[in-house]
Amino acid sequence: MKVLIGSTIPILTHDRKGSGGWVNVLIKSLSRSSQVSMVFQVSIVGKRFGAWSLTQSENNYQIAAVWWSPIHWKRTISAVNEIIRKNEIDILDVQGCEFWQSYLYTFTDIPTVYTLQGSAQEVSRVFWKDFRYIGRKRVLRHLISWIKIIFQSLDYFLRGRFEYLTLRKGKYFIGRTDWDRRLINPSKKYFHIDRKIQDIFFTDSWVQKKNDSFISILLVQGHYSIKGSFFLLKRLSELASKTGLKIELSIAGRFRQYGYSRLLRDVALKHDFVEVVFLGSLTSTQLLSQYLKASLVVVPSWTENSSNALAEALCVGTPVIASLVGGNANYIDGKSEFLFEHEQPGSFESAVTKALESDKLCQEGLRKYALERFNGTIFMKSYERVYKHILSLENRS
C-alpha cells in the first residue's frame, strides 16, 4: 500500500524546528509499517516557501512541494494528480481541513481521507475573546500589530469558508475527540484514532518539587490569540496578588516582531506579580526539558481539539490543567477538577490549587493512562486498519 500525506507545510527533515510535528509523527509511524511500502508527502505551498521547493527522498519516504496561485489553481491540482499517477498512490491522507489548501485536495483522483486537526470556523468565532483580558489597548502605539491581527482574523474567516466546503465535499474523516466528531455530518464516514506523541516524551518522568512560595508555569504555543495568553497572565497576576506566591510563566512559541506577539510582550512587562520568560520555538528535546522543569502546565485555549501540550504533559507526568473547551475533557481521564471555565469566577484558581496539591499517585495514574492511550503501536495499526477499510469500501463502490 502506497500512502500520500497531503499537507500545507513543506518539511524536509524530521527534526525541523517549528511547525508540522503531527505530520512528522504520522510519517515516521507509517514508514515503519509492514503494510505500507512507501510514504509520500506533498505540500501545496506559495512562493514564500521557495527555499523548500525541491524534492527529497529518505528511505521509503519522499517529499515534493507543489506551487500554487489563486489564478492557476487548476494547474496545482493537475500537479498533485500527476504525482499520484506517477507513483501509483493508493490513498491520500490530508492533514487538516482548517487550511484553505485542503479544499484543493478534494479534486484529486484517488480515495481521500481527512485527518482533523482543529477548526478554522471555531477559531474565527473565538478569535477576539482573549483580547478582553489585555487591559488598556494602545491602538496607535501598536498600529502595525493591530493591522496584522485584523488581517489574521480575516484569514481565519476565509479559511473557515474553505473548511466548510471541504467538510461538505469530503467523504472520509479521521478524528481524535468527541468534539471533532460533532463537526462531521452523520452521513459521512468517521474513524476515531488517538494521536501519537513523539517518542521522546515517553523517556523521562516528572519529579514532584515542593516549594510553597514559588511555582513555574509553562504555556506552549502562546504566540496567537486562541491559546489564551492574555487570559492566563491576568489570572496568574490575580493569583499571585492574592496568595503572595512568586510565579514564573514560561511561554514557548514562534514570536514575531509585530502582531499578537508584540502586544503580549508589551503586556507582560506590566505584570509586576508574574515574571514572564519568552522561550521562542523549541525542539522536542528542549520542550521535554521545560516539561520536566515546570511545576504546572496550563492549556488555557479558547478552542482546542487535541492539544499536543496536554497530551505531552500527561505522558511526561507533569501536572496539567486545561480549559473546558473542545476535546480537552477527553484527555483528562475523568479528572474534572483539573479543568476550568474561563468565565466562571474561582474556577481557574481552584484548578491550579488542586493540580499542585494532587498526590504522586494521581499524577502517576494520569501518566499511565496517557502512555497506554497514545501508544505508537496502537496508533500505527489503527491507521493501517482505516486505510484498508476505506480502500475496500471504494473497491466495492
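Just above sits the structure.
Overview of the structure. (Residues numbered from 1 in each chain as written. Predicted model: local features only at pLDDT ≥ 70, side-chain atom pairs only at ≥ 80, totals over all residues. Heavy atoms only, no water.)

1. As for the overall build of the protein chain
- Scanning the protein chain for helices and strands turns up 13 helices and 14 strands.
- Counting all 397 residues of the protein chain, 55% fall into the buried class.
- Accessible surface, the protein chain: about 18300 Å² in total, of which carbon and sulfur atoms supply 52%. (Helix = DSSP H or I, 4+ residues; strand = E, 2+ residues; numbered from the N terminus. Buried < 20%, exposed > 50% of the residue type's maximum accessible area, 1.4 Å probe, protein only. Areas by Shrake-Rupley, 256 points an atom, 1.4 Å probe, with all protein chains shown as cover.)

2. Remarks on the pattern of salt bridges
- Across all of its chains, the model carries 13 salt bridges by this definition.
- Taking the shortest distance from any N to any O, the salt bridge between K234 and E238 comes out at 3.8 Å. Of this pair, K234 and E238 both sit in helix α6 (residues 229-243), four residues apart, which is roughly one turn of the helix.
- Of the residues examined, K234 reaches a relative accessible area of 34% and is grouped as partly exposed.
- On the accessibility criterion, E238 (38% relative accessible area) is partly exposed. (Salt bridge = Lys/Arg side-chain N within 4 Å of Asp/Glu carboxyl O.)

3. Observations regarding empty space enclosed by the protein
- Inspection of every chain in the model, using the stated rule, returns one cavity of 30 Å³ or more.
- For the largest cavity, the calculated volume is near 40 Å³.
- Taken together, C97, L116, G118, S119, E163, L167, L183 and I184 make up the lining of the largest cavity.
- Residue classes in the lining of the largest cavity are distributed as five nonpolar, two polar and one charged. (1 Å grid on protein atoms, 1.4 Å probe; cavity = no way out; pocket = protein on both sides within 12 Å on 5 of 7 lines; lining within 4 Å. Points joined across faces, edges and corners; volume = space filled by probe spheres on them. Nonpolar A, V, L, I, M, F, W, Y, C, P; charged D, E, K, R; others polar.)

4. Structural notes on the packing of helix α4 (residues 143-169) against helix α7 (residues 260-268)
- Direction vectors running N to C along α4 and α7 enclose 130°, while the axes themselves pass 8 Å from each other. Here α7 runs oblique to α4, going by the angle between their axes. Every residue of α7 that contacts α4 at S145, W146 and I149 is listed here: Y260, R262 and L263.
- Of the residues contributing to the contact of α4 with α7, the split by class is four nonpolar, one polar and one charged. (Axes fitted to C-alpha atoms, helices over the stretch in contact; angles between N-to-C directions. Parallel < 35°, antiparallel > 145°, perpendicular 65-115°, else oblique. Contact = heavy atoms within 4.5 Å.)

5. Quick word on the nonpolar core
- Among the nonpolar cores identified, the biggest contains 70 residues, and F230, I247, L249, Y291, I321 and F348 are the most heavily contacted of them.
- I321 has contacts with L296, V297, V298, V299, F338, F340, F348, A351, V352 and A355, leaving out every residue within four places of it along the chain.
- Grouped together as the second largest cluster of nonpolar side chains are 24 residues, I44, I89, L92 and L116 included. (Core = buried A, V, L, I, M, F, W, Y, C linked by side-chain atoms within 4.5 Å.)

6. Remarks on the packing of helix α8 (residues 284-293) against helix α9 (residues 308-316)
- In the contact formed by α8 and α9, the axes pass within 10 Å of each other and the chain directions differ by 65°. For the crossing formed where α8 meets α9, the hand is right-handed. From α8, L287, L288, Y291 and L292 reach across to α9, where they touch A309, E312, A313 and V316.
- Among the residues making up the contact of α8 with α9, the classes are represented as seven nonpolar, no polar and one charged. (Left-handed = near helix turned anticlockwise from the far one by under 90°.)

7. Examining the environment of K360
- Along the polypeptide, K360 turns up in helix α12 (residues 360-373).
- Residues K360 and P319, spaced 41 residues apart in sequence, show a C-alpha to C-alpha distance of 9.8 Å.

8. Things to note about a nonpolar patch on the surface
- A contiguous nonpolar patch, built from L143, I147, F151, L154, F157 and L158 and spanning about 570 Å² of accessible area, is present on the exposed surface.
- By the element assignment, I147 lies in helix α4.
- Since its relative accessible area comes to 40%, I147 is described here as partly exposed. (Patch = residues over 30% accessible without salt bridge, like charges linked within 9 Å, V, L, I, M, F, W, Y side chains within 5 Å.)

9. A short note on unusual backbone geometry
- Not every positive phi belongs to a glycine, and E88 is a case in point at roughly 55°.
- The exposed category is assigned to E88, whose relative accessible area is 59%.
- Even without being a glycine, Q221 presents a positive backbone phi close to 60°.
- Following the sequence through the fold, Q221 ends up in the loop between β9 (214-220) and α6.

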